[in-house]
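Here's the letter readout for the chains.
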Amino acid sequence: MRPIFSLKHLIGSLALFAAYVATARLGLALDPVGGFATLVWPPTGLALAALVRGPRLWPAVTAGAFVANVWSGAPLLVALGIAVGNTLEAVVGAQFLLRRPGYSGPIHGVRHAFAALGAALACPMLSASLGVLSLWAGGIVPTERIGSAGLAWWLGDALGALVVAPVILDWGADERSEGLRGRGLEAALLILSVLASAALSFSGEPGAPLRRPHMIFPSLIWAAIRFGPSVTSFAVLAISAIAIAITAHGTGPYVTAATLHENLTALQGFMGTVALTGIFLSAANTERTRAQRLLADEHAQLRHAVGARDEFLSIASHELRTPLAALSLQVAGLERALTRRNVQTEEGQRELHRAGRAVAQVDRLTRLVDTLFDVSQITAGRLQLQREAFDLCEAVRAVASALQEQATRAGCSVEVRAPAPVVGDWDRFRIEQVVTNLLTNAFKYGSGKPVEVSVEARDAKAWLRVRDQGAGISPDATERIFERFERVATGHHQKSLGVGLYIARQVIDAHAGVVRVEDTSAAGSTFLVELPLVSRVTEGLVERGH
Ligand code: ADP
């Protein structure tokens, strides 16, 4: 339990009481109906905001309203009735707002803006009905003026809530990007523009074309879009204060009727529109700013997660390589030893067969781990080419013959068409890796059908084509398959990592070449690799005569 009386509570109550009485006196000075039902009543906004922040401050509202009305000449019982109405209005309004999900004071979105609007329009009905009833019972307002007094009271209170409460509640709650920090010049220009446009549009000849109230909207929109709700609510308050002061002084576009009361009624109607525009526009803008920030945060999180994954892949694959190399040596040694013993019994043959399978599995595991390691290195930008001059035709033949057993197992014949040597300046190990990946894919996805490979030199480039007659690739997948871990369902249910083409593309990119799916119309797929024969760096050196 918090103590009922604390110093903070006492100071808060006194401040609220003093502010309530001072602003109430200001409103009661502006030609109220029957001396009390005023069109300008800032205390409603003050009390609403104060009770949202500290619901236990309500006695200060009762006391403030009571004292202000007695001070203006209300009989004690009438003042008490008015004070009860004013307190109820603030308590009900604050409790309604505090019960909205996610509401803590500042207006952070359109839903909160609607709640604030509801509270600002509905709660003053409590105060207006109790207040006018008290005035009528006290004989201060005659029966025939109950309607106009009630309307003035309601309008004054609603405007007080719409114009004053947001200034207090939104204070300091703007999104980071909406704040004033680092934007001093723009803020100064905005303040100047708000003050100047308000002063100009509410004063002077009503007929002057540019001296119309709607001229304040550009500054208001500027505040709402470039700054946040708190700056906007300040702008609305400033415009309202200037407009009321000028109109009360007897000039400007709203001085059209005989009495100040009529002029203020028209002005307050307009100010309601201004306040609503400011509240909703800045609320929608805050919502947008928040959504953008959330999106950026999520993006950063995702990037972090992907970075962590790559880091893990890199470490894991690197660490796995050492024990795997040792294991590979051991099982190969075991297989050799069994072969040397040359045991012809059935048992001996079975052991030799098992050792052979172990060697094959360890080889496969090594290839997978090597591939993962490659991917992690390439992703981290650590792909470095060891260039040397060699004949691509010869390299392709070497790879095809190394993969002969795999081709046979897949039921594929391999035809290499490479009529003339194609010598270039490339990384042999990496280019062979690309050819291996393309051929392996051709066997995997085009099993049982012939595979054709061709190599030729044209336009200072080497052209390598790998063509199979398998399932082919749908046109919408021809780019996607070159992404990391990207596999396309082919119905083959192949066990794969989906990185072969990713590595191929990275390697060919590093050589300033191009790899792509050439043709998807015919049965099967054709992969085309274009490689510049001479690297740009070497070319530069040659041109400069080295
Ligand atoms: P992996 O073959 O390990 O899945 P790749 O990066 O080599 O990974 O290939 C990515 C995907 O591209 C494959 O899963 C397959 O769907 C498709 N693909 C690659 N080569 C061929 C091909 N020759 N024919 C049909 N589809 C292919």
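Residues numbered from 1 in each chain as written. Predicted model: local features only at pLDDT ≥ 70, side-chain atom pairs only at ≥ 80, totals over all residues. Heavy atoms only, no water.

### So, the overall build of the protein
Per the secondary structure count, the protein includes 16 helices and seven strands. For the protein, whose C-alpha radius of gyration is 41 Å, the value lies well above the compact-globule estimate of 24 Å for 546 residues. Across the 546 residues in the protein, those meeting the buried criterion constitute 43%. When the accessible surface of the protein is totalled, it reaches about 28200 Å², and 62% of it is carbon and sulfur. (Helix = DSSP H or I, 4+ residues; strand = E, 2+ residues; numbered from the N terminus. Rg over C-alpha atoms; globule rule 2.2 N^0.38 Å. Buried < 20%, exposed > 50% of the residue type's maximum accessible area, 1.4 Å probe, protein only. Areas by Shrake-Rupley, 256 points an atom, 1.4 Å probe, with all protein chains shown as cover.)

### Considering the pairing of strand S3 (residues 423-427)
The buried fraction of S3 is high, at four of five residues. Relative to S3, strand S1 (residues 387-391) runs antiparallel, the two sharing five bridges. Pairing of Asp391 across the sheet is with Val423, part of S3. (Pairing = 2+ DSSP bridges.)

### Some thoughts on the sheet that holds strand S7 (residues 526-532)
Taking strand neighbours across the sheet as the criterion, the five strands line up as S2-S4-S5-S7-S6 in an open arrangement whose pairing is mixed. In this open sheet, the two edge strands, each paired with only one partner strand, are strand S2 (414-417) and strand S6 (514-519). Taking the axes of each pair of neighbouring strands and ignoring which way they run, one obtains an average angle of 15° across the sheet. Pairing of S6 with S7 involves five bridges; the strand directions are antiparallel. Residue Val517 lies in a different strand from S7, and its bridge partner there is Phe527. (Axes fitted to C-alpha atoms, helices over the stretch in contact; angles between N-to-C directions.)

### Side note on empty space enclosed by the protein
For the structure shown, the criterion picks out five cavities of 30 Å³ or more. Volume-wise, the largest cavity comes out at about 110 Å³. Among the elements of the structure, helix H5 (110-137) and helix H6 (146-169) are those that each provide at least two residues to the lining of the largest cavity. Residue contributions to the lining of the largest cavity peak at five residues, all from H6. In terms of residue class, the lining of the largest cavity is made up of twelve nonpolar, one polar and one charged. Taken as a whole, the second largest cavity encloses approximately 70 Å³ of empty space. Those elements that place two or more of their residues in the lining of the second largest cavity are H6, helix H9 (229-249) and helix H10 (260-341). A class-by-class count of the residues in the lining of the second largest cavity yields eight nonpolar, four polar and one charged. (1 Å grid on protein atoms, 1.4 Å probe; cavity = no way out; pocket = protein on both sides within 12 Å on 5 of 7 lines; lining within 4 Å. Points joined across faces, edges and corners; volume = space filled by probe spheres on them. Nonpolar A, V, L, I, M, F, W, Y, C, P; charged D, E, K, R; others polar.)

### Re the side chain of Glu89
Here Glu89 shows up in helix H4 (residues 76-98). In this structure, Glu89 is buried with no salt-bridge partner, the nearest side chain bearing the opposite charge being Arg99 at 17 Å. (Lys, Arg positive; Asp, Glu negative; His and termini not counted. Salt bridge = Lys/Arg side-chain N within 4 Å of Asp/Glu carboxyl O.)

### What about the environment of Arg505?
As for its position among the elements, Arg505 is in helix H15 (residues 500-510). According to the relative accessible area criterion, Arg505 is buried, its value standing at 17%.

### What to know about the site of the ligand
Inspection of the region around the ligand gives 19 residues, with Asn441, Tyr445, Asp468, Ser496 and Leu501 positioned closest. Here an oxygen atom of the ligand and a backbone polar atom of Gly500 are 3.2 Å apart. Its free accessible area being 530 Å², the ligand has 96% of it covered by the protein chains. Looking at the shell around the ligand, the elements that each hand over two or more residues are helix H14 (428-445) and H15. The biggest single contributor to the shell around the ligand is H14, with three residues. (Near = heavy atom within 4 Å. Polar contact = N/O pair within 3.5 Å; in protein donor to acceptor, adjacent residues only side chain to side chain.)

### Considerations on the side chain of Asn285
Following the sequence through the fold, Asn285 ends up in helix H10. When its relative accessible area of 8% is taken as the criterion, Asn285 is described as buried. A polar contact of 3.2 Å, which involves the side chain of Asn285, links it to the backbone oxygen of Ala224.

### Some remarks on the nonpolar core
Core analysis: the biggest nonpolar cluster contains 82 residues, and Phe202, Ile239, Leu267, Phe270, Met271 and Val274 have the highest contact counts within it. If one sorts the elements of this core by residue count, H6 sits on top with eleven residues. If you look at the next biggest cluster of nonpolar residues, it comprises 46 residues, including Val399, Ala407, Phe443 and Ile481. (Core = buried A, V, L, I, M, F, W, Y, C linked by side-chain atoms within 4.5 Å.)

### Description of the packing of helix H11 (residues 346-379) against H15
In a pair of packed helices, the angle between the axes and the distance between the axes together describe the arrangement. As a packed pair, H11 and H15 sit with axes 10 Å apart at the nearest point and diverge in direction by 45°. In terms of axis orientation, H11 runs oblique to H15. Between H11 and H15 lies a crossing of left-handed hand. Residue-level inspection shows Thr371, Asp374, Val375, Ile378 and Thr379 of H11 in contact with H15, the latter providing Tyr502, Ile503 and Gln506. (Parallel < 35°, antiparallel > 145°, perpendicular 65-115°, else oblique. Left-handed = near helix turned anticlockwise from the far one by under 90°. Contact = heavy atoms within 4.5 Å.)

### Looking at the confidence of the model for the protein
Confidence along the protein averages 90 in pLDDT terms, with 94% of residues attaining 70 or more. Contacts from residues 540-546, a stretch scored under 50 in pLDDT, to residues over four places away or in other chains number one contact. (pLDDT = per-residue confidence, 0-100.)

### So, the packing of aromatic side chains
In this structure the tally under the stated criterion is nine aromatic pairs. Between Tyr20 and Trp41, the ring centres sit 6.3 Å apart and the planes meet at 80°, which makes this aromatic pair edge-to-face. Pair noted here: Tyr20 is in helix H1 (residues 7-28) and Trp41 is in the loop between H1 and helix H2 (43-53), with a separation of 21 residues, a long-range link. Residues Tyr20 and Trp41 agree in their burial class; the two are buried. Where Trp171 meets Phe234, the ring centres are 5.9 Å apart and the plane angle is 65°; that geometry is what we call edge-to-face. In this pair, Trp171 sits in the loop between H6 and helix H7 (184-202) while Phe234 sits in helix H9, placing the two residues 63 residues apart along the sequence. Taken together, Phe202, Phe217, Tyr254 and Phe270 form an aromatic cluster joined through their ring pairs. (Phe/Tyr/Trp six-rings, centres within 6.5 Å; stacked < 30°, edge-to-face > 60°.)

### As for the pattern of salt bridges
Scanning the model with the defined rule gives 20 salt bridges in all. Measuring nitrogen to oxygen at the nearest pair gives 3.1 Å for the salt bridge that ties Glu347 to Arg350. With Glu347 and Arg350 both in helix H11 and three residues apart, this pair spans about one turn of that helix. Residue classification places Glu347 among the partly exposed positions, given a relative accessible area of 42%. When its relative accessible area of 42% is taken as the criterion, Arg350 is described as partly exposed. Close ionic contact of Glu394 with Arg428 constitutes a salt bridge, the shortest N to O distance being 3.1 Å. Taken together, the positions of Glu394 in helix H12 (residues 392-402) and Arg428 in helix H14 put the pair 34 residues apart, joining distant regions of the chain. Overlapping salt bridges bring together Glu456, Arg458, Asp459, Arg465 and Glu518 as one network.

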